[in-house]
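Given next are the chains, with one letter for each unit.
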Amino acid sequence: MAALMSVVALAIDALLPALDIIGISLGVTQAANNQLLIIMIFLGLGVGPLFFGPLSDSKGRKPVVYIGFIIFILASFICLFAQSLEVMILGRILQGVGLSAPRTIAIAIIRDVYSGDYMARIMSFVTVVFLLVPIVAPALGKYILDHYDWQAIFYVQIALCFLVAFWFWKRQKETLKPENTIPFTPGIVSNGFTQVFKYKDTMGYTLISGFIVGSFLVYLSASQQIFQEQYGLKDEFPYIFAGLAISVGIATFLNGSLVLRFGMKRLVTLALWSFFVTSLSYVILFHTGTNPSIIVLLAFFALQFFAIGFLFGNLRALAMQPVGHIAGIGAAITGFISTIMAVPISTFIGRYVDSSSLPLFIGFSVSAFISLCILFYLKKK
């Protein structure tokens, strides 16, 4: 499952060191537009599950993953031969559509086998392995750039896709039981939305996930601009990115053990408060917009991402808990809602991350505050 999801991480993070070079190659005049190459893949990741989720509930988990990989490979060739930003964005959206299949179906497969805190435990360990890719992906992208060109990054993605698809075909059994199949009909998506909307916990935790993913997506898309442009750390950027990814990985690893002791809801509450207090502290201390030293900035980022490590897996597991009987469409709809929320949030905030990192932390704090309000409502209910 981690391998399936790692293709998604590689498609996103390996491209980070090459954003400015790709922008120059495509004739992009505004540096902020380069962020679209990261943000738009999430649009595809959000829309694709609405088709792949119901299809997996009807035809099985494994065939849908193969379809997604085929779409991803075709979209990668569109990116390879793109001559304009618009065509490249189209390719990235289609890449996201293709990758939404393994990303969504991996969660559905886990839900087929596990539930409750044990599902959160499995999700945590899967995420730990999955996070190894963001640790090495930017360094891999920079290595490829130093020795080849930006197109080679897409060839490496295609090669990994074939490798993971073969491993998945060889080792993973079908987890959808025949008695749980749902006929694939035109109304299956609308019926799925109707069922998902009935569960307040599912909707509440999905909305929280949307705000957290949206604020984190700003960092993903703007990290190259912050570290390379604002701080002039072009050569150090892959190692900085890897170090911050480790803080997420440590928290996620700890979550795998702590979640059985304290439960998902308590850990989510503590992590959200930590996320909010840390970001608000940065806004108060550096409200003038002047960037602090790189050490201070990295310390704040590390604290933020340590909190995020306790949120991603737990929020997804909490949202999926009431909809286990429709795991495929449930994973699809919750993923669609959170991602469709995240894309405009990150696009809006990212436009202001120009000469200062302050807008990023303002976005963190606002997203965390709204999330805490939703959490308070769920607990009250």
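Please refer to the structure placed before this passage.
Because the structure is predicted, anything quoted here is derived from the model rather than measured.

Reading guide: rules and limits
Residues numbered from 1 in each chain as written. Predicted model: local features only at pLDDT ≥ 70, side-chain atom pairs only at ≥ 80, totals over all residues. Heavy atoms only, no water. Helix = DSSP H or I, 4+ residues; strand = E, 2+ residues; numbered from the N terminus. Buried < 20%, exposed > 50% of the residue type's maximum accessible area, 1.4 Å probe, protein only. Contact = heavy atoms within 4.5 Å. Areas by Shrake-Rupley, 256 points an atom, 1.4 Å probe, with all protein chains shown as cover. Lys, Arg positive; Asp, Glu negative; His and termini not counted. Charge placed at Lys NZ, Arg CZ, Asp CG, Glu CD. Core = buried A, V, L, I, M, F, W, Y, C linked by side-chain atoms within 4.5 Å. Expected span 1.5 Å × (residues − 1). Bend = angle between axes of the 7 residues up to and from the residue. Phe/Tyr/Trp six-rings, centres within 6.5 Å; stacked < 30°, edge-to-face > 60°. Lys NZ or Arg CZ within 6 Å of the ring centre and 35° of its normal. 1 Å grid on protein atoms, 1.4 Å probe; cavity = no way out; pocket = protein on both sides within 12 Å on 5 of 7 lines; lining within 4 Å. Points joined across faces, edges and corners; volume = space filled by probe spheres on them. Nonpolar A, V, L, I, M, F, W, Y, C, P; charged D, E, K, R; others polar. Axes fitted to C-alpha atoms, helices over the stretch in contact; angles between N-to-C directions. Parallel < 35°, antiparallel > 145°, perpendicular 65-115°, else oblique. Left-handed = near helix turned anticlockwise from the far one by under 90°.

### Considering the overall build of the chain
Here is step 1 of the chain: When you go through the chain residue by residue, the secondary structure sums to 17 helices and 0 strands.
Here is step 2 of the chain: C-alpha atoms of the chain, sized along the principal axes, occupy 60 × 50 × 35 Å.
Here is step 3 of the chain: Split into buried and exposed, the 381 residues of the chain put 61% on the buried side.
Here is step 4 of the chain: Taking as baseline every contact in the chain between residues at least 6 positions apart, the subset at least 24 positions apart corresponds to 85%.
Here is step 5 of the chain: As displayed, the chain has an accessible area near 15500 Å², and 68% of this comes from carbon and sulfur atoms.
Here is step 6 of the chain: A distance of 15 Å separates the average location of the 23 positive side-chain charges in the chain from that of its 15 negative side-chain charges.

### Considerations on the nonpolar core
Here is step 1 of the chain: Formed by 136 residues in total, the largest nonpolar core has its most connected members in F42, M88, Y219, L220, F227, F301 and F305.
Here is step 2 of the chain: The element that contributes the greatest number of residues to this core is helix α11 (residues 200-230), accounting for 14 residues.
Here is step 3 of the chain: Sequence-distant contacts of F301, defined by excluding residues within four places in its chain, comprise Y219, F227, L244, L360, F361 and F364.

### Remarks on α11
Here is step 1 of the chain: Relative to the 45 Å expected for 31 residues at 1.5 Å per residue, α11 spans 42 Å between its end C-alpha atoms, a close match to the ideal helical length.
Here is step 2 of the chain: The sharpest bend along α11 comes to roughly 55 degrees, located at A222.
Here is step 3 of the chain: Within α11, 27 of the 31 residues are buried, leaving the element largely enclosed by the surrounding structure.
Here is step 4 of the chain: Phi turns positive, to about 65 degrees, at G232, one or two residues after α11.

### Re the packing of aromatic side chains
Here is step 1 of the chain: Per the counting criterion, the structure on display carries 29 aromatic pairs.
Here is step 2 of the chain: A centroid spacing of 5.9 Å and a plane angle of 35 degrees characterise the contact between F216 and Y219, whose relative ring orientation is tilted. Highlighted residues: F216 and Y219, both in helix α11, separated by 3 residues, approximately one helical turn. Residues F216 and Y219 agree in their burial class; the two are buried.
Here is step 3 of the chain: Relative to F276, the ring of W273 has its centre 6.2 Å away and its plane inclined at 70 degrees; by these criteria the two rings are edge-to-face. Here the residue W273 and the residue F276 both occupy positions in helix α13 (residues 264-285), the gap between them amounting to 3 residues, near one helical turn.
Here is step 4 of the chain: Given a relative accessible area of 46%, W273 falls into the partly exposed group.
Here is step 5 of the chain: Positioned above the aromatic ring of F168 is the side chain of K62, whose terminal nitrogen or guanidinium carbon lies 5.5 Å from the ring centre.

### What about the side chain of R61?
Here is step 1 of the chain: With respect to the secondary-structure elements, R61 resides in helix α5 (residues 61-80).
Here is step 2 of the chain: When its relative accessible area of 1% is taken as the criterion, R61 is described as buried.
Here is step 3 of the chain: Excluding anything up to four places from it in sequence, R61 contacts S56, I105, A108, I109, D112, E174, T175, L176, A327 and G328.

### Let's talk about the layout of surface pockets
Here is step 1 of the chain: Roughly 170 Å³ of volume is contained in the largest pocket.
Here is step 2 of the chain: The wall of the largest pocket is formed by M1, A2, A3, L4, V164, W167, F168, R171 and Q172.
Here is step 3 of the chain: Of all the elements in the fold, those that place two or more residues in the lining of the largest pocket are α1 (2-13) and α9 (151-171).
Here is step 4 of the chain: At 4 residues, α9 tops the list of elements feeding residues into the lining of the largest pocket.
Here is step 5 of the chain: The residue inventory of the lining of the largest pocket, partitioned by class, reads 7 nonpolar, 1 polar and 1 charged.

### Let's talk about the packing of α1 against α5
Here is step 1 of the chain: In the contact formed by α1 and α5, the axes pass within 12 Å of each other and the chain directions differ by 20 degrees. One way to sum up the angle between α1 and α5 is to call them roughly parallel. When the axes of α1 and α5 are compared, the crossing they make is left-handed. Contacts from L4, V7 and A11 in α1 reach V65, F69 and F72 in α5.
Here is step 2 of the chain: Here the contact of α1 with α5 is composed, by residue class, of 6 nonpolar, no polar and no charged.

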